[in-house]
Amino acid sequence: MYPYRFSNVMIGYLNLGTLLASIPIIGAGLWLAKSSTTTCSSILQTPLLVIGFVVLLISLAGFVGACFHVAWALWLYLFAIMLLIAFLLGITAFGFAVTAGGGGTQIPGRPYREYHITDYSSWLQHHMQNMKYWRPALACVVGSKACAKIENWTPMDYLQHDLTPIQSGCCKPPTACQYSGGMPVGAQDEDCYRWNNAPDILCYQCNSCKAGVMEQIRQDWHKISVLNVIVLVALICICSCGCCAFRNARRSLSEYPYGVNRMSKINPRWDYFWGRWFHGRREQLY
């Protein structure tokens, strides 16, 4: 029995770690599927379950292939890793493209920013304007109770405290709006007319609310993209180790693994003959 190579040991430990890490991911997805009561939580259950099971299966294939020299399992593992690398590259590039722009406008004399729907990509705008996507997003906003946290704020609080993108866009009218007796005065932004002080209305139908949701998506996606880059680097390193382990597994199944000379295996005197020949040639040259 030939000793394990470093690449096999390394990939075995790496996949054992990811195999164990997939268990809490799957558990979190199952818990959300069973006990979540808001749309914001339930929409995470499918991605969590899919990611958890994919990581579990890929890690299992890599662990078995590397530790037991199963060539077909390592081939499957490497193929899946390459697909994951291509998928992460594509989704990261796509995410940066559709979340370009944004960032909001700093309001003079206020610590918070306000957001405008036209500052974001057309793809993101189209999805937010489509009621199929806006309804669950709005349900998330309402379910998060972000507005309830600032409903008792005084005008002084707005001058001293920052707001999240959702609170800035959905829980108050735009700062530029002017009201007299609770009614907007003159020609103003359409959101000034959509605003209502009722807790179940507020500015939930305002374009500024949609912009606040898009800004939150943009910020969250940029955080995820950092993780994606780290995962990509790790996957490329694991894929490199996997290629070495695959080569070792193939060689361990052959008749003459790990550098055993075929002619030496057939005739032990072969090495002696070539050794004498090279020694004679060296004496002739010197």
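Residues numbered from 1 in each chain as written. Predicted model: local features only at pLDDT ≥ 70, side-chain atom pairs only at ≥ 80, totals over all residues. Heavy atoms only, no water.

Draft legend 1. Structural detail: the overall build of the protein. On a plain count of helices and strands, the protein comes out with 12 helices and four strands. Each of the 286 residues in the protein was classed as buried or not, and the buried ones make up 34%. Taking all contacts inside the protein whose residues are at least 6 apart in sequence as the whole, residues at least 24 apart take part in 63%. Of the roughly 17600 Å² of accessible surface on the protein, 66% is carried by carbon and sulfur atoms. (Helix = DSSP H or I, 4+ residues; strand = E, 2+ residues; numbered from the N terminus. Buried < 20%, exposed > 50% of the residue type's maximum accessible area, 1.4 Å probe, protein only. Contact = heavy atoms within 4.5 Å. Areas by Shrake-Rupley, 256 points an atom, 1.4 Å probe, with all protein chains shown as cover.)

Draft legend 2. Looking closely at helix α5 (residues 122-129). Among all positions in α5, only Leu 124, His 127 and Met 128 are buried. Take α5 and look down its axis: the buried residues cluster within an arc of 95 degrees, on one side only. Of the residues in α5, the exposed ones pointing more than 90 degrees away from the buried face are Ser 122 and His 126. (Arc of directions from axis to C-beta.)

Draft legend 3. Highlighting the UniProt feature "transmembrane region" (unreviewed entry) in the protein. UniProt annotation of "transmembrane region" (unreviewed entry) refers to residues 12-33, 48-68, 75-98 and 224-246 when read in the numbering used here. The span residues 75-98 shows a helical share of 100% and a strand share of 0%, and its end C-alpha atoms are spaced 35 Å apart. (UniProt positions renumbered as here; feature names shortened; annotations may be inferred.)

Draft legend 4. The arrangement of the pattern of salt bridges in detail. Overall, the coordinates contain four salt bridges when judged by the stated rule. Across the salt bridge formed by Lys 172 and Glu 114, the nearest N and O atoms sit 2.6 Å from each other. Within this pair, whereas Lys 172 is found in the loop between α8 (165-170) and β3 (179-180), its partner Glu 114 is found in strand β2 (residues 113-114), the two being separated by 58 residues in sequence. Here Glu 215 ties to Arg 218 by a salt bridge, and the two come within 2.8 Å at their closest N and O atoms. Of this pair, Glu 215 and Arg 218 are both found in helix α10 (residues 207-253), three residues apart, which corresponds to roughly one turn of the helix. (Salt bridge = Lys/Arg side-chain N within 4 Å of Asp/Glu carboxyl O.)

Draft legend 5. Representation of the nonpolar core in the model. Counting 28 residues, the largest nonpolar core has Tyr 120, Trp 134, Val 141, Cys 170, Tyr 204, Val 213 and Met 214 as its most contacted members. Of all the secondary structure elements, the ones that give two or more residues to this core are α5, α6 (131-143), α8 and α10. In contact with Met 214, other than residues within four places in its own chain, are Ile 117, Tyr 120, Leu 124, Gln 125 and Met 128. Counting 12 residues, the second largest nonpolar core, distinct from the first, contains Leu 78, Ile 85, Leu 88 and Leu 232. (Core = buried A, V, L, I, M, F, W, Y, C linked by side-chain atoms within 4.5 Å.)

Draft legend 6. Local environment of the side chain of Lys 172. In this structure Lys 172 comes out as buried when scored by relative accessible area, which is 6%. For Lys 172, the side chain forms a polar contact with the side chain of Glu 114, separated by 2.6 Å. Apart from the residues lying within four places of it in its own chain, the contact partners of Lys 172 are Tyr 112, Glu 114, Tyr 158, Leu 163, Gln 167, Trp 195 and Cys 203. (Polar contact = N/O pair within 3.5 Å; in protein donor to acceptor, adjacent residues only side chain to side chain.)

Draft legend 7. The arrangement of the state of the cysteines in detail. Inspection of the entire model under this criterion finds four disulfides. Across a sulfur-sulfur distance of 1.9 Å, Cys 147 and Cys 171 are joined as a disulfide pair. Judged by the sign of its S-S torsion, about -80 degrees, the bond between Cys 147 and Cys 171 is left-handed. Of this pair, Cys 147 sits in the loop between α6 and α7 (155-160) while Cys 171 sits in the loop between α8 and β3, placing them 24 residues apart in sequence. Grouping residues by exposure puts Cys 147 and Cys 171 together as buried. Covalent S-S linkage joins Cys 203 and Cys 206, the inter-sulfur distance amounting to 1.8 Å. Taking the torsion about the sulfur-sulfur bond, which here is approximately -90 degrees, the covalent link between Cys 203 and Cys 206 counts as left-handed. (Disulfide = S-S within 2.5 Å.)

Draft legend 8. Main features of the packing of aromatic side chains. Tallying each qualifying case throughout the model produces two aromatic pairs. Between Phe 94 and Trp 123, the aromatic rings sit 5.3 Å apart at their centres with planes inclined by 85 degrees, giving edge-to-face as the arrangement. With Phe 94 in helix α4 (residues 71-98) and Trp 123 in helix α5, this pair connects stretches of sequence that are 29 residues apart. Classification of Trp 123 as partly exposed rests on a relative accessible area of 37%. When the centroid spacing of 5.3 Å and the interplanar angle of 75 degrees are considered together, the rings of Trp 153 and Tyr 158 count as edge-to-face. With a relative accessible area of 17%, Tyr 158 lands in the buried category. (Phe/Tyr/Trp six-rings, centres within 6.5 Å; stacked < 30°, edge-to-face > 60°.)

Draft legend 9. Up close: the layout of surface pockets. When its volume is computed, the second largest pocket comes out at roughly 590 Å³. No other element matches the three residues that α7 contributes to the lining of the second largest pocket. Across the lining of the second largest pocket, the residue classes tally to 19 nonpolar, three polar and four charged. (1 Å grid on protein atoms, 1.4 Å probe; cavity = no way out; pocket = protein on both sides within 12 Å on 5 of 7 lines; lining within 4 Å. Points joined across faces, edges and corners; volume = space filled by probe spheres on them. Nonpolar A, V, L, I, M, F, W, Y, C, P; charged D, E, K, R; others polar.)

Draft legend 10. Local environment of a nonpolar patch on the surface. Residues Trp 72, Trp 75, Leu 76, Phe 79 and Leu 83 make up a contiguous nonpolar surface patch of about 620 Å² in total accessible area. Relative to the assigned elements, Phe 79 resides in helix α4. (Patch = residues over 30% accessible without salt bridge, like charges linked within 9 Å, V, L, I, M, F, W, Y side chains within 5 Å.)

Draft legend 11. Summary view of the environment of Lys 145. In this structure, Lys 145 sits in the loop between α6 and α7. On the basis of relative accessibility, which here comes to 57%, the residue Lys 145 falls in the exposed class.

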